[in-house]
Amino acid sequence: MEIELILLLLAVALAAGWVDAVVGGGGLVQLPVLLLALPTASPPAVLATDKLSSISGTAVSAVGFAKNVRLEARVAVPATALAVALSAAGALTAGLLPSAVFRPFVLVMLALVAVLVIARPSLGTRERRRPRGRRSVVAAVVLAGVVLPFYNGLVGPGTGALILITLTALLGLDFVMGSATAKVVNVGANLGALVVFAAHGQVFWLLGLAMAACNVLGARLGTRTALRRGAAFIRATLLCVVAALIVKLSLDQLRL
């Protein structure tokens, strides 16, 4: 691989780490470039290399948030445990079900997220003080720990952002606390998929570890930015990431 291409991938991993730390959705930045850079590689190898890089940055970001922000433990613990298994199941299913089956569903979800965030400017800007009911907690665990991790293993892009908006909308968390909890769950989701893809594909370990180092650096910078700038900044970044995801998945759908 040419040195220019390697440097490009390292720069992309840095940017993806920053985006993922702030709001999630770093795969939107990193995975398409990896696919272009490794056109002859098997899909499991590319996906495994992407997950190796992503999980490193997400884990560092999760630790950074956890040190400074209170997590929603009633959701984080069970959802993370479930996410490992369901993401692995999604990765195992990836070769059996075409991702196109899920694109329309994900597009509708993203559109609803955008409408919800725009229509409710106060969403995620501050934590709701009323007690969180059992049904809301169960619904959050099912969506964040089962449905979205399965999608992460099967398709992937935007999982972190979707977990964030799920926790914010269902539990009334502000975007900072929601992002902190979402990072922990997303580590589990990335871990489950990585194990399966690594077992079934030849991971590009040297490239993946080099990208992981840059992803970690980006994640550290992104975590500091999110903690310093607060919920309003995360909200604006979330809208940008959701808009980019809608455009990307719409173009993918049109190519079918």
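In this report, the structure presented in the accompanying data block is examined. Each chain has its residues counted from 1, following the order in which its sequence is written. pLDDT decides what is reported in this predicted model: residues at 70 or higher carry local features, side-chain atom pairs at 80 or more are listed and counted, and totals for whole chains, interfaces and linings draw on all residues regardless. With hydrogens and water set aside, each side-chain value is computed from the structure's full complement of heavy atoms.

**Considering the overall build of the protein chain**
Then, in step 1: Here a helix means four or more residues in a row that DSSP labels H or I, a strand means two or more in a row labelled E, and each is numbered from the N terminus. Per the secondary structure count, the protein chain includes 10 helices and zero strands.
Then, in step 2: Secondary structure elements of the protein chain occur, N-terminal to C-terminal, as α-α-α-α-α-α-α-α-α-α.
Then, in step 3: For the exposure calls, accessible area comes from a 1.4 Å probe over protein chains only, and a residue counts as buried if that area is under 20% of its type's maximum, exposed if over 50%, partly exposed in between. In the protein chain, which comprises 256 residues, the proportion classed as buried is 52%.
Then, in step 4: By definition in these notes, contact holds between two residues if any of their heavy atoms fall within 4.5 Å. For the protein chain, the proportion of contacts with a sequence separation of at least 24, taken over those separated by at least 6, is 85%.
Then, in step 5: Using the Shrake-Rupley algorithm and a 1.4 Å probe, accessible areas are obtained, with residue cover drawn only from the displayed protein chains. Accessible area of the protein chain: about 11300 Å², with a carbon and sulfur share of 70%.

**A look at empty space enclosed by the protein**
Then, in step 1: Here a cavity denotes grid points, spaced 1 Å and computed from the protein atoms alone, that fit a 1.4 Å probe unable to get out, and a pocket denotes an open set having protein on both sides within 12 Å along at least 5 of 7 lines; residues with an atom within 4 Å of a point are the lining. Grid points are joined across faces, edges and corners, and a volume is the space filled by probe spheres set on the points. Under the criterion given, the structure shown has one cavity of 30 Å³ or more.
Then, in step 2: If you add up the space inside the largest cavity, you get close to 240 Å³.
Then, in step 3: Contributions of two or more residues to the lining of the largest cavity are made by α1 (3-22), α2 (27-37), α3 (43-68), α6 (134-154), α7 (159-171) and α8 (175-200).
Then, in step 4: By residue number, the principal contributor to the lining of the largest cavity is α3, which donates five residues.

**Considerations on the environment of Leu 28**
Then, in step 1: Of note, Leu 28 is situated in helix α2.
Then, in step 2: A relative accessible area of 16% means that Leu 28 is categorised as buried.
Then, in step 3: Between the C-alpha atom of Leu 28 and that of Gly 156, which follows or precedes it by 128 residues, the distance is 8.7 Å.
Then, in step 4: Sequence-distant contacts of Leu 28, that is, excluding residues within four places in its chain, are made with Val 241, Ala 244, Leu 245 and Lys 248.

**Section: α8**
Then, in step 1: In this model α8 runs 36 Å from its N-terminal to its C-terminal C-alpha over 26 residues, within 8% of the 38 Å that 1.5 Å per residue would give.
Then, in step 2: Counting buried positions along α8 yields 19 of 26 residues, so the element is predominantly enclosed.
Then, in step 3: Think of a polar contact as two N or O atoms within 3.5 Å of one another; within protein, one of them needs to be a possible hydrogen donor and the other a possible acceptor, and neighboring residues in sequence only count if both atoms come from side chains. One side-chain oxygen at the N-terminal end of α8 lies 3.0 Å from the backbone nitrogen of Val 176; it belongs to Asp 174. Every helix has an expected span of 1.5 Å times one less than the residues it contains.

**Thoughts on the side chain of Thr 166**
Then, in step 1: Tracing the chain through its elements places Thr 166 in helix α7.
Then, in step 2: Residue classification places Thr 166 among the buried residues on the basis of a relative accessible area of 9%.
Then, in step 3: Polar contacts involving the side chain of Thr 166 include one to the main-chain carbonyl oxygen of Leu 162, which spans 2.8 Å.
Then, in step 4: Residues contacting Thr 166, with those up to four places away along its chain left out, are Ala 140, Leu 143, Leu 148 and Leu 171.

**Quick notes on the packing of aromatic side chains**
Two numbers describe a pair of aromatic rings. These are the distance of the centres and the angle of the planes.
Then, in step 1: Pairing of aromatic rings covers Phe, Tyr and the six-membered ring of Trp, with a centre-to-centre limit of 6.5 Å; geometry is then stacked below 30 degrees between planes, edge-to-face above 60, and tilted otherwise. With the rule as written, the count across this model stands at one aromatic pair.
Then, in step 2: Centroid distance Trp 18 to Phe 233: 6.1 Å. Interplanar angle 80 degrees. Geometry classified as edge-to-face. With Trp 18 in helix α1 and Phe 233 in helix α10 (residues 231-255), this residue pair connects regions lying 215 residues apart in the sequence.
Then, in step 3: Residue Trp 18 is classed as partly exposed on the basis of its relative accessible area of 27%.

**Topic: the packing of α1 against α8**
Then, in step 1: Fitting a line to C-alpha atoms yields each axis, with helices limited to the stretch in contact; the angle taken between N-to-C directions then spans 0 to 180 degrees. In the contact formed by α1 and α8, the axes pass within 9 Å of each other and the chain directions differ by 120 degrees. When the axes of α1 and α8 are compared, the pair comes out oblique. On α8, the residues touching Asp 20, Ala 21 and Val 22 of α1 are Ser 179, Lys 183 and Asn 186.
Then, in step 2: Amino acids are sorted into nonpolar (Ala, Val, Leu, Ile, Met, Phe, Trp, Tyr, Cys and Pro), charged (Asp, Glu, Lys and Arg) and polar (every other residue, Gly among them). Each residue belonging to the contact of α1 with α8 can be placed in one class, and the counts come to two nonpolar, two polar and two charged. For this classification, under 35 degrees means roughly parallel, over 145 means roughly antiparallel, 65 to 115 means roughly perpendicular, and everything else is oblique.

**Details of the packing of helix α4 (residues 73-93) against α6**
Then, in step 1: Between α4 and α6, whose axes approach to 6 Å, the crossing angle comes to 30 degrees. The angle between α4 and α6 falls in the class roughly parallel. In terms of crossing hand, the pair formed by α4 and α6 is right-handed. Here Arg 74, Val 75, Pro 78, Ala 79, Leu 82, Ala 83, Leu 86, Ser 87, Ala 89, Gly 90, Ala 91 and Thr 93 of α4 come into contact with α6, specifically with Val 137, Ala 140, Val 141, Ala 144, Gly 145, Val 146, Pro 149, Phe 150, Asn 152, Gly 153 and Leu 154.
Then, in step 2: Residues of the contact of α4 with α6, tallied by class, amount to 16 nonpolar, six polar and one charged. Two helices cross in a left-handed way if the nearer one is turned anticlockwise from the farther one by less than a right angle. They cross in a right-handed way if the turn is clockwise.

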